[in-house]
Every structure is written in structure tokens, then in C-alpha cells.
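# Summary of structural features
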Amino acid sequence: MLRFTATAEDLLRSRFALSPAFELNGLLRRLDGRDTALPADWTARLAPGLARLRRETPLDAVLALQTATAAPNFLAPPPRALTQRWADDLAAIRATPIAVARAEIDEVLREQPARDRHVRELLASDQLVELVADALDRAWRELLAPDWPQLRAVCERDIVHRVGVIGERGWKEAIEGLERGLVWRGQHLAVPLRSTDAEVSLAGEGLLLVPSVLVWPGLAVFHDEPWPKALIYLARGTSLLWERTAPDPDALAALASLLGHSRARLLLELRTPASTSQLARSLTMAPGAVGDHLSVLRTTGLLARARSGRSVLYRRTALGDALVTGATPAESPTG
């Protein structure tokens, strides 16, 4: 059991961030079979790209560094803010001193030796950091970047929810709601880790909270440098993301004939509450256009809105749900 010791100052300095690099490493681990599998349709779509990258780039060296529980820190540098971009992470990876990278790699290889001779040669190269950075950059662009707006929107929606919980019911309930087994009593946050039995002070620096759709098995904990004290947890709405498929063409066509194509897409997308910017990213639409369409849908009674923290979230009303349900073809009876 790991126990974080926190003061009132730590709560004031606790904050949320996003980590594109952590998500990329999580995706690679899942595609390579290191963690639980992705949904079948995601695997079918992305596995051919992974195979191509393994042939054309030094990605096998990156995969060799993914152990059963973690990867070297330099592959996923600590995020700094909610505005973290892949370009920020990539710059931090490229700036890693070769001595630091090699020390972290040696630690991994002691636990999990690389069997492939070519991989061993890559990991021994003086150009190791650049080779790994280039492979990760291409993996990002070809495997994750197309889906990043959707993944990011899920994480942002989660943060809006957590901030609302903090405002309404306090930090204790917000933290304990991140993952089953987290318990906050007094000044101690107990984190269920089988491999660790220690007490770690947040030392007035607060706790970094990072929602993720690809963390496995549901919680990653950082308490050693270079990371700040951090919890990476499974974002609410992840299961809906994996279950999400393209809108039924007939349902979309039926709604579009009544509302127009863009408004129909927005209404179908609002299975869970979302802000204007989140919807714009998910659907790759201009924020101004999204705002105009949401205003019309709200005026007609299909949507309602409410403030949560600093964000305004839109949700379908009962009328909006009924319209979507009516536009979705019923399943054919069987038997």
C-alpha cells in the first residue's frame, strides 16, 4: 500500500493535465499485446499500421522497452498542463540526455533483456534518443493522431466532471471516485499498490491528476522523479468511446432530413454531456459553427445546458432522446 501525505497547501496546488505521450505508449502496449486488447474494430483498423511501422522504423526498440508494468520515463515525459500537445512531449523526449535515457533503458533491460540482436544494436546506439523519438513521432501521426480529438474530448469531459465534484462535495469524494480502492482519511491518501509499501509526502507540491483512456488496469501511480506525484486514472466515458461506432446511416439520414446534417451529428454525439469545444474536436467542426447549431437545438427544446466548473455542458433533453430513439431503426425480432 502506498500512502500519500497531503496538507491543505497540497490540495491548493493539485491540478489536472493531459499526457499525449502516455496515451501513445498505452496504445502501443495494447496493440503489441502487452496489456488488455483494444476493441476488435480498433485492433483491426490499427494493427496493419503497427506492423508497417515495425518494418519501416525502429519501433521494435520502443516496444522492447515496454515491460509488464511500465516503460522508461523518458518515453512519456511528465505533462505540464491541460493544453499539453504531442509536440510538447516530443520536444521533451528529444531533449533527454543520452546518459539519462541509457540509465533508464539499462534498468528495464535488467528486468526484461532484449532478445533480438537488431533491437540490442539500436538500444546501444549513440543516436538512440533521436531514433526512438522519430519512431514515436511517426507512430503518433499514423496510429493515434486521427483519433486524438475523440480521446482528448473524453478526457476533457472527465475533468469537467471531477471539477464539478470538487466544487460540490470536495476533494475527498473527487479523489476516491477516480478508482476503486482509493481511500482518503485525514491527511493520508491510500493507494492500493501490491508492489509498494511506503509513505510519500506531497511536500506542498500537490497531486497531478491525469485522465486516460488507455491506462491499464485502471490506475498508474508516479512518486519518483522526474515525474511529480501523480495519479493517471481511467477517464469516465471510456467504455462509451470503445463502444462508439459510426452513426447508423439511416438514423443520421432521418435526423438530417429534419434538422440538417450538422445538427443531426451533434444530437447523435451528445450521448453524454459535452462542451462546445469538446464537440468541435470530436466532430472536427469549427467551434463557431458548433455554437450556432447548439443554440438552435436548445431553442427548439432538444438540448439543455448547465454550467459545470468553468465549462458549459450541453445534454439532450427527454425530447432530444426521444427524437434520436425514434430515428434509430429497431432491431429485427428473432425467434
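Our subject is the structure that appears above.
The rules behind each value
Positions within a chain are numbered from 1, following the residues in the order the chain's sequence is written. Whole-chain, interface and lining totals are the exception, using all residues; otherwise, since this is a predicted model, local features are given only for residues with pLDDT of at least 70 and side-chain atom pairs are given and counted only at 80 or more. Note: side-chain values were computed over all heavy atoms of the structure, leaving out hydrogens and water. Here a strand is any run of E in DSSP of at least two residues, a helix any run of H or I of at least four, and the numbering for each starts at the N terminus. Note on method: radius of gyration uses C-alpha positions; expected globular size equals 2.2 Å times residues raised to 0.38. Between two residues, a contact is recorded if the distance between any of their heavy atoms is within 4.5 Å. Surface accessibility in these figures is a Shrake-Rupley result with a 1.4 Å probe; residues are shielded only by whichever protein chains are displayed. Within this scheme the basic residues Lys and Arg register as positive and the acidic residues Asp and Glu register as negative, but His and the chain ends are omitted. To locate a charge, the coordinates of NZ of Lys, CZ of Arg, CG of Asp or CD of Glu are taken. The axes are straight lines fitted to the C-alpha atoms, using for helices just the contacting stretch, and the angles between their N-to-C directions are given from 0 to 180°. Angular relationships are summarised with four words: roughly parallel below 35 degrees, roughly antiparallel beyond 145, roughly perpendicular across 65 to 115, and oblique for the angles in between. Polar here means any residue outside two lists: the nonpolar Ala, Val, Leu, Ile, Met, Phe, Trp, Tyr, Cys and Pro, and the charged Asp, Glu, Lys and Arg; Gly therefore counts as polar. Paired strands, in this sense, are two strands between which DSSP finds at least two bridges.

### Concerning the overall build of the chain
The helix and strand inventory of the chain stands at 16 helices and 10 strands. Here the C-alpha atoms of the chain give a radius of gyration of 22 Å, agreeing with the 20 Å that 2.2 N^0.38 yields for 335 residues. For the chain, contacts bridging at least 24 residues in sequence account for 69% of all contacts bridging at least 6. With the model as given, the accessible surface of the chain reaches about 16,600 Å², and the carbon-plus-sulfur share is 53%. Of the charged side chains in the chain, 41 are positive and 40 negative, and the gap between their average positions amounts to 4 Å.

### Examining the packing of helix α13 (residues 261-269) against helix α15 (residues 287-299)
One way to put it is that α13 packs onto α15 with a least axis distance of 10 Å and a crossing angle of 75°. Between α13 and α15, the interaxial angle falls into the category roughly perpendicular. Judged by residue contacts, Ser262, Arg263 and Leu266 of α13 engage Val290, His293, Leu294, Val296 and Leu297 from α15. For the contact of α13 with α15, the residue count by class is five nonpolar, two polar and one charged.

### Describing the sheet that holds strand β5 (residues 198-201)
The sheet built from four strands is open, its strands ordered β3-β4-β1-β5 with mixed pairing. Two strands close off the open sheet at either side, each with one partner strand: β3 (183-185) and β5. Direction aside, neighbouring strands of the sheet carry axes that sit 25° apart on average. Pairing of strand β1 (residues 2-5) with strand β4 (residues 188-191), which is carried by four bridges, proceeds in the antiparallel orientation. The partner of Leu2 across the bridge, within β4, is Val191.

### Details of the packing of helix α2 (residues 20-31) against helix α3 (residues 40-56)
Closest axis-to-axis distance for the α2/α3 pair is 10 Å, and the angle between their directions is 95°. In terms of axis orientation, α2 runs roughly perpendicular to α3. Contacts from Leu27, Leu28 and Leu31 in α2 reach Thr43, Leu46, Ala47 and Leu50 in α3. Looking at side-chain class alone, the contact of α2 with α3 contains six nonpolar, one polar and no charged residues.

Nothing here speaks to function; it is geometry throughout.
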